[in-house]
Amino acid sequence: MVTTFEEYETVDLFADWDSKTQPIINLINLRKWFPVSQQSVLFSQVVAQIKAVDGVKLFLNKGETLGLVGESGCGKSTTARVISKLEEPTEGSVYFKGIDIFQPMTREEELSIKRQLQMVFQDPYSSLNPRRMVLDLIKEPFDIHYPDMAYEEKESRVLEILAKVGLEDYHALRYPHEFSGGQRQRIGIARALAIHPEVILLDEPVSALDVSVQAQILNLLRDLQIDFNLTYMFIAHDLSVIKHVSDRVAVMYLGKIMEMTPTGELFRRTAHPYSVSLLSAIPRPDPRIKMDRIILEGDVPSPINPPSGCPFHPRCYKAQEICSKETPQLKEIEPNHYVSCHFPEI
Ligand code: SF4
């Protein structure tokens, strides 16, 4: 049984949102640039911008898992941090249940949105304060969001959530260093889940764990998604994990979405040359299956000075003259299949 917080809720910002026709999260031309400054004797001057997220368009539907995949440094984590309001966007909008979450709002409204958008980080050890007991770590979101709640109720909710993630009551009185990596990730999940969010942004939640523990955490996340009716954005660089957990996949490269489609469709009818290259690198367990691996030439270009036109053109096996001149836009080439490429494979 999942207990609710109805008696504590004071604002309802989302009365007009219709979960059947509108996405729960909608990103429109989202940009997040970080300035690079040069310090002189007297003053500092911005000399460049790191274009971590550079015009991202994507959406999440209620109750689904969207896998966000791409090489290291392509902007996946920054996108999640902006959605969860840990970073301000440079440009563009983030809509949550139809509300622009960066519009001016009251503190109550701000808290109501933050409560519903939680994040789980890759390294559970560095994201948990080592000086605080698990009880205090999981209780902290209640202290922030439900300050009027009685201590006994907070404590009983912490024990309830610990049980949900497969930990025991006595674990509440221990410190993070007393747990294994998998148990620490369970604590991170419990902390994100404590105040019953609608959306959890999972930033590489299993990549720091052993393979056997990865499977346990993935199964736990699946069970919790059903119990709590959660929507996930699951970030990973490993396509085989993404294939296992996602309903739809968005492929990201140098701060932009290259392809977004249901997971089965991505593997059956891959349209973007970058996705084709990524998929060709997945090892097959059957040695009889012949693999035509496409080796990507060169490194990922710097996000300070990304290539003109299509950012993938210096490494693309299909590139033509127009690719370095005109940036392709993300277009729906088939129902629910979005691609940004001048010459998609289908
Ligand atoms: Fe390759 Fe051109 Fe498509 Fe970019 S637009 S992925 S360079 S074919």
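In case you missed it, the structure is sitting above this.
Treat the numbers as computed from the prediction; the structure is a model and nothing was measured.

(A) Focus on a nonpolar patch on the surface. Judged by side-chain polarity, Val41, Leu42 and Phe43 come together as a nonpolar surface patch covering roughly 420 Å² of accessible area. Here Leu42 is to be found in the loop between strand S1 (25-39) and strand S2 (44-60).

(B) Examining the site of the ligand more closely. Cys310, Cys316, Cys323, Cys341 and His342 are the nearest of the 13 residues found near the ligand. Assessed atom by atom at 2 Å from the grid points, the ligand resides in the largest cavity. Its residues assigned to classes, the shell around the ligand comprises 9 nonpolar, 3 polar and 1 charged.

(C) Geometry of unusual backbone geometry. In this structure, Glu204 takes a positive phi of about 50° despite not being glycine. Residue placement: Glu204 occurs in the loop between strand S7 (199-203) and helix H6 (211-228). Despite not being glycine, Leu254 has its phi angle at roughly 45°, a positive value. Leu254 gets classed as buried once you look at its relative accessible area, which sits at 5%.

(D) Spotlight on helix H1 (residues 76-83). Along H1, 6 of the 8 residues are buried, which leaves the element largely enclosed by surrounding structure. Residues Lys76, Thr78, Thr79, Ala80, Val82 and Ile83 constitute the buried set of H1.

(E) Quick peek at the pairing of strand S10 (residues 256-262). Counting buried residues along S10, 6 of its 7 residues qualify, which places the element largely inside the surrounding structure. Hairpin connection between strand S9 (residues 248-253) and S10: a loop of 2 residues separates the two successive antiparallel strands, and Leu254 in this loop has a positive phi of roughly 45°. In this sheet, strand S12 (residues 337-339) lies alongside S10 in antiparallel orientation, the contact comprising 2 bridges. Of the residues in S12, the one forming a bridge with Glu259 is Val339.

Cut-off values and rules
- Residues numbered from 1 in each chain as written.
- Predicted model: local features only at pLDDT ≥ 70, side-chain atom pairs only at ≥ 80, totals over all residues.
- Heavy atoms only, no water.
- Patch = residues over 30% accessible without salt bridge, like charges linked within 9 Å, V, L, I, M, F, W, Y side chains within 5 Å.
- Areas by Shrake-Rupley, 256 points an atom, 1.4 Å probe, with all protein chains shown as cover.
- Salt bridge = Lys/Arg side-chain N within 4 Å of Asp/Glu carboxyl O.
- Helix = DSSP H or I, 4+ residues; strand = E, 2+ residues; numbered from the N terminus.
- Near = heavy atom within 4 Å.
- 1 Å grid on protein atoms, 1.4 Å probe; cavity = no way out; pocket = protein on both sides within 12 Å on 5 of 7 lines; lining within 4 Å.
- Sits in = over half its atoms within 2 Å of the grid points.
- Nonpolar A, V, L, I, M, F, W, Y, C, P; charged D, E, K, R; others polar.
- Buried < 20%, exposed > 50% of the residue type's maximum accessible area, 1.4 Å probe, protein only.
- Pairing = 2+ DSSP bridges.

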